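Structural characterization, general
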Amino acid sequence: MLPFSPGNAVFPNAMIAGDVVITHLLSRLGYLENGKAKIMVVDTFHLFPETMEFLEKLEEHYNFKADVFCADKIPVGDKDAFDKRYGANLWKEDIDEYDRVCKVEPFQRGLKTLKTDCMINGRTRWQGFERAWIDLFENAPIGGGLAKCNPIAYWTLEDTFDYIAKYDVPYHPLHEKGYPSIGDAKDTIPVPEDGSVRFVDFKFEGDKTVWLDYAKERVGRFVGLATKDGKTKTECGIHVDGAERTWDRDLWEEENSVVKKISSSADASEIKKSGKPAVIAVYAPWCQFSQAMEDQFEEFAKAVGDDVDVYSFRGDEEREFVMANLNTNSFPTVNVIKADGTAVKYESEERTVEAFKKFMEKTL
């Protein structure tokens, strides 16, 4: 039995070993069929194809319908729309921003949309030192003190597989291909990499201790990823306080800057059609190169004064538009807009007041 009596309980389900155990427990309690506990799934658009296919099997097996959330303003399941808005390589450009867009923000939005008062979670003390002191009940760092229940906090990974075997619990098909834990396809590998350890037909093949020793469950996750300070990445950010915002502030904030803000692609198009010359910096607030350019571009705008309008336009969520209209494939990109609407890209990496002025004068 789960050690709680949920009111409006939500279970964010990643369909890993511990999560399928909790799914089974919720079903035994009748909470899935009667809706007392809801299943929430975050689709990052980078999951293994087997993961969302497995979700459909779980829904049919336990007779529930999951609430699926993904990146803001993107229809569920529409990877092409995600790539157009946020870029297919966002995770390569800035892994923290990728986590915010694809995991943290939809996760938090899901909890709010479902009016969650108790979040059920599959974290365990066995997963490593970051989680070594979690309790059965906590206040989550998100949602302003949201109650969090960790029903298997004191279980080992072996406990979860023992339970799966005892009750014939449906489990993720990638366990049979050597994956002890499953996350994004881009950074999750089998352990060991040759796939010699597997969980097949409710039994282990190979040396199961490779999976089951302390803190080994997640060693195949976040492979090759590092945080901005160079540390090996071990968490996606969902359970970390403050992860919803990976940059301190926006750049060229209106109340503190002479650089004018462009708030939409429609406004950017109007500026290009206005017949007036302008300079536009297309940026991403999380991009270190955009951040490094802020002061010099601000001083450039002051130096230009009223002669030419100088703008900033956040382009990381308008990628299709800025690629097609403002020569932008990376951030930051500076364009001089000629009177006929032509956008001429500043190609140099020298982002100084003098260099910007020289390019503008030459172009206009």
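Quick look at the structure, then. (Residues numbered from 1 in each chain as written. Predicted model: local features only at pLDDT ≥ 70, side-chain atom pairs only at ≥ 80, totals over all residues. Heavy atoms only, no water.)

For Lys272, the location among the structural elements is in helix H8 (residues 265–273). One buried charged residue, Lys272, remains without a salt bridge, the closest side chain of opposite sign being Asp340 at 8.8 Å. Not counting residues up to four positions away in its chain, the partners in contact with Lys272 are Asn325, Leu326, Ile337, Gly341 and Ala343. (Helix = DSSP H or I, 4+ residues; strand = E, 2+ residues; numbered from the N terminus. Buried < 20%, exposed > 50% of the residue type's maximum accessible area, 1.4 Å probe, protein only. Lys, Arg positive; Asp, Glu negative; His and termini not counted. Salt bridge = Lys/Arg side-chain N within 4 Å of Asp/Glu carboxyl O. Contact = heavy atoms within 4.5 Å.)

Attention now moves to the state of the cysteines. Scanning all chains against the criterion turns up zero disulfides. Cys102 takes part in no disulfide bond, and the closest cysteine sulfur to it belongs to Cys70, at a distance of 9.0 Å. Here Cys149 stays free of any disulfide, with the sulfur of Cys118 as its closest cysteine sulfur at 5.4 Å. Owing to a relative accessible area of 0%, Cys149 belongs among the buried residues under this scheme. (Disulfide = S-S within 2.5 Å.)

The subject of this paragraph is empty space enclosed by the protein. A water-sized probe, rolled over the atoms, reveals where empty space remains. Tallied over the entire structure, the rule returns two cavities of 30 Å³ or more. A volume near 40 Å³ is recorded for the second largest cavity. Forming the walls of the second largest cavity are Ala17, Gly18, Gly122, Thr124, Gln127, Ile152, Trp155, Thr156, Leu157, Thr160 and Glu217. Counting residues per element, the ones that place at least two in the lining of the second largest cavity are helix H1 (17–28) and helix H6 (157–166). Considering only residue class, the lining of the second largest cavity consists of four nonpolar, six polar and one charged. (1 Å grid on protein atoms, 1.4 Å probe; cavity = no way out; pocket = protein on both sides within 12 Å on 5 of 7 lines; lining within 4 Å. Points joined across faces, edges and corners; volume = space filled by probe spheres on them. Nonpolar A, V, L, I, M, F, W, Y, C, P; charged D, E, K, R; others polar.)

Here we come to the pattern of salt bridges. According to the stated counting rule, one finds 25 salt bridges in the structure shown. Asp72 is paired through a salt bridge with Lys73; the nearest N and O atoms lie 3.1 Å apart. Classification of Asp72 as partly exposed rests on a relative accessible area of 28%. The partner of Lys186 in a salt bridge is Asp184, with the nearest N and O atoms 3.4 Å apart. Residue Lys186 is classed as partly exposed on the basis of its relative accessible area of 22%. Through salt bridges with shared partners, one network takes in Arg85, Glu97, Arg100, Arg314, Asp316 and Glu317.

A full pass over the atoms with the stated rule returns 22 aromatic pairs. A centroid spacing of 5.1 Å and a plane angle of 70° characterise the contact between Tyr171 and Phe199, whose relative ring orientation is edge-to-face. Here the residue Tyr171 occupies a position in the loop between H6 and strand S7 (198–200), and Phe199 occupies one in strand S7, the gap between them amounting to 28 residues. Of the two residues examined, Tyr171 and Phe199, each falls in the buried class. Taking the centre distance of 6.2 Å and the plane angle of 85° together, the rings of Trp286 and Phe331 count as edge-to-face. Of this pair, Trp286 sits in the loop between strand S10 (278–283) and helix H9 (288–304) while Phe331 sits in the loop between helix H10 (319–325) and strand S12 (333–337); the two residues are 45 residues apart in sequence, bridging distant segments of the chain. In this pair, the class of Trp286 matches that of Phe331, namely buried. (Phe/Tyr/Trp six-rings, centres within 6.5 Å; stacked < 30°, edge-to-face > 60°.)

Right, let's talk about the sheet that holds strand S1 (residues 9–12) for a bit. The strand order across the open sheet formed by six strands is S3-S2-S1-S4-S6-S5, and the pairing between neighbours is mixed. In this open sheet, the two edge strands, each paired with only one partner strand, are strand S3 (67–69) and strand S5 (137–139). Geometrically, the sheet is characterised by an average inter-axis angle of 30° between neighbouring strands, direction not taken into account. Here S1 pairs with strand S4 (residues 118–120) via two bridges, running parallel. Looking at the pairing, Val10 lines up with Met119 of S4. Sheet strands in contact with helix H5 (residues 95–113) are S1, strand S2 (37–42), S3 and S4, and its direction is about 155° off that of S2. (Pairing = 2+ DSSP bridges. Axes fitted to C-alpha atoms, helices over the stretch in contact; angles between N-to-C directions.)

Moving on, we come to the pairing of S10. In terms of burial, S10 is a largely internal element, six of the six residues being buried. The two faces of S10 match: Ala278, Ile280 and Val282 on one face and Val279, Ala281 and Tyr283 on the other face are all buried. Judged from the six bridges that link them, S10 and strand S11 (residues 309–314) form a sheet pairing that is parallel. Note on S11: the bridge partner recorded for Tyr283 is Arg314. After leaving S10, the chain enters H9 and then returns to the sheet as S11, a path that is right-handed. Taken together, the five bridges between S10 and S12 define a ladder with antiparallel strand orientation. Of the residues in S12, the one forming a bridge with Ala278 is Ile337. (Right-handed = clockwise from strand over helix to strand, strands pointing away.)

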